[in-house]
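Structural overview for review
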Amino acid sequence: MSIRFIRTGLAMLLALSTFQISAQDFPSRAITMVMPYAAGGPGDTITRLFAGAMQKHLGQQIVVDNTAGASGSIGTAKVARAKADGYTLLMIHVSHATNVAMYKSLPYHPVDDFEPIGRATSGPMVIVARNEFPAKNLNEFVAYVKANGSKVSLAHAGVGSASHLCGLMMMNALNVKLNEIPYKGTGPALTDLMGGQVDILCDQTSGTVPSVKGGKIKAYASAGKARLPQLPEVPAISDAGVEGFDINISFGLYAPKGTPKPVLDQLTAALQKSVADPEVRQRLEAMGISAVGVELARPEALRAHLKNEIDTLGSLLVKAGVKAN
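Residues numbered from 1 in each chain as written. Predicted model: local features only at pLDDT ≥ 70, side-chain atom pairs only at ≥ 80, totals over all residues. Heavy atoms only, no water.

Read from one edge to the other, the open sheet built from 5 strands follows the order β2-β1-β3-β11-β4, with strand pairing classed as mixed. Each edge of the open sheet is held by one strand with a lone partner, namely β2 (62–66) and β4 (114–119). Neighbour-to-neighbour, the strand axes of the sheet open up by a mean angle of 30°, direction not taken into account. (Pairing = 2+ DSSP bridges. Helix = DSSP H or I, 4+ residues; strand = E, 2+ residues; numbered from the N terminus. Axes fitted to C-alpha atoms, helices over the stretch in contact; angles between N-to-C directions.)

Let us now look at the nonpolar core. Of all hydrophobic cores here, the largest spans 46 residues; its most connected members are Phe50, Met54, Leu267, Leu271 and Leu284. Broken down by element, this core gets its largest block of residues, 7 residues, from helix α2 (residues 42–58). In this structure Phe50 touches Met91, Ala120, Thr121, Leu271, Ser274, Val275, Val280 and Leu284, once residues within four positions along its chain are discounted. (Core = buried A, V, L, I, M, F, W, Y, C linked by side-chain atoms within 4.5 Å. Buried < 20%, exposed > 50% of the residue type's maximum accessible area, 1.4 Å probe, protein only. Contact = heavy atoms within 4.5 Å.)

Structurally, Asp203 can be placed in strand β8 (residues 200–204). The buried charged residue Asp203 lacks any salt bridge, with Lys216 as its nearest oppositely charged partner at 15 Å. There is a polar contact of 3.0 Å between the side chain of Asp203 and the side chain of Thr186. Non-local contacts of Asp203, meaning those with residues more than four positions away in its chain, are made with Pro124, Met125, Val126, Ala162, Ser163, Thr186 and Thr208. (Lys, Arg positive; Asp, Glu negative; His and termini not counted. Salt bridge = Lys/Arg side-chain N within 4 Å of Asp/Glu carboxyl O. Polar contact = N/O pair within 3.5 Å; in protein donor to acceptor, adjacent residues only side chain to side chain.)

The next subject is empty space enclosed by the protein. Throughout the structure, instances matching the rule amount to 1 cavity of 30 Å³ or more. Forming the walls of the largest cavity are Ile92, His93, His96, Ser250, Gly252, Tyr254, Leu302, His305, Leu306 and Glu309. Elements supplying a minimum of two residues to the lining of the largest cavity: β11 (252–256) and α11 (299–320). The biggest single contributor to the lining of the largest cavity is α11, with 4 residues. Residue composition of the lining of the largest cavity, by class: 4 nonpolar, 5 polar and 1 charged. (1 Å grid on protein atoms, 1.4 Å probe; cavity = no way out; pocket = protein on both sides within 12 Å on 5 of 7 lines; lining within 4 Å. Points joined across faces, edges and corners; volume = space filled by probe spheres on them. Nonpolar A, V, L, I, M, F, W, Y, C, P; charged D, E, K, R; others polar.)

What follows is the structure in structure tokens.
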């Protein structure tokens, strides 16, 4: 047996031993959770809420890093390039799936370059309109939109945003083309809706429900098959016989590809304890969002959810000919 062979074998054993020790000791320092959108939005609030909850269970600080830009792809690429040791994580929503369709060449692949940890939240969407919009109920809304088409202005928070995807799905389900008015964020779109400058908006309940309850705008339907707990008097779009219009925005947690399974297991366990935390659930419900059940806060559930969004929402963007600027 050659000395070189012995040295190689010892090096491999040492590397394996180091790997086992590092996995057992995880985490031994602060973790960074990248939020690939700007500070202050719903995604930032959700990320900071889970960072605070998970660090209690992991025994180490979790620092939130807002690396925004290019529909979340800049921060996402940062995590894809990070060392696969569990100390750099990604909290992201639907853009992780749709950026594949929007960008000609991403520096990462959402499935191949990440390890899913689990889903964290589930956020329903709601169709809202300016108070002076003519339709008195959901059936009248559907009839009016179909009859007037491009005369109806549809606001959204920018190409590839949740509200944009919801608007595209609505137009596809109703077989109509509306006058799309893009904004740089939900805030400006909602402001103009309240001011009567645009007709309708389809967006997450976290931003719209407070304005509906405050009488500043009116709601016509939830974008799905179930009514909203926050607005039980508002029907589901399926109540009007509209099919193929069911969208829900979910945030999920990822690690770089190759992160050791024992580390992933610890992160998943911390996430599952966090989604079951009464304080976390209460704070999310106040935003009009729900924490997922423990059974969805696991790698297999997030992997399946991501692949489904790539297939359904990605194809929706392709059909509409939508590309990032």
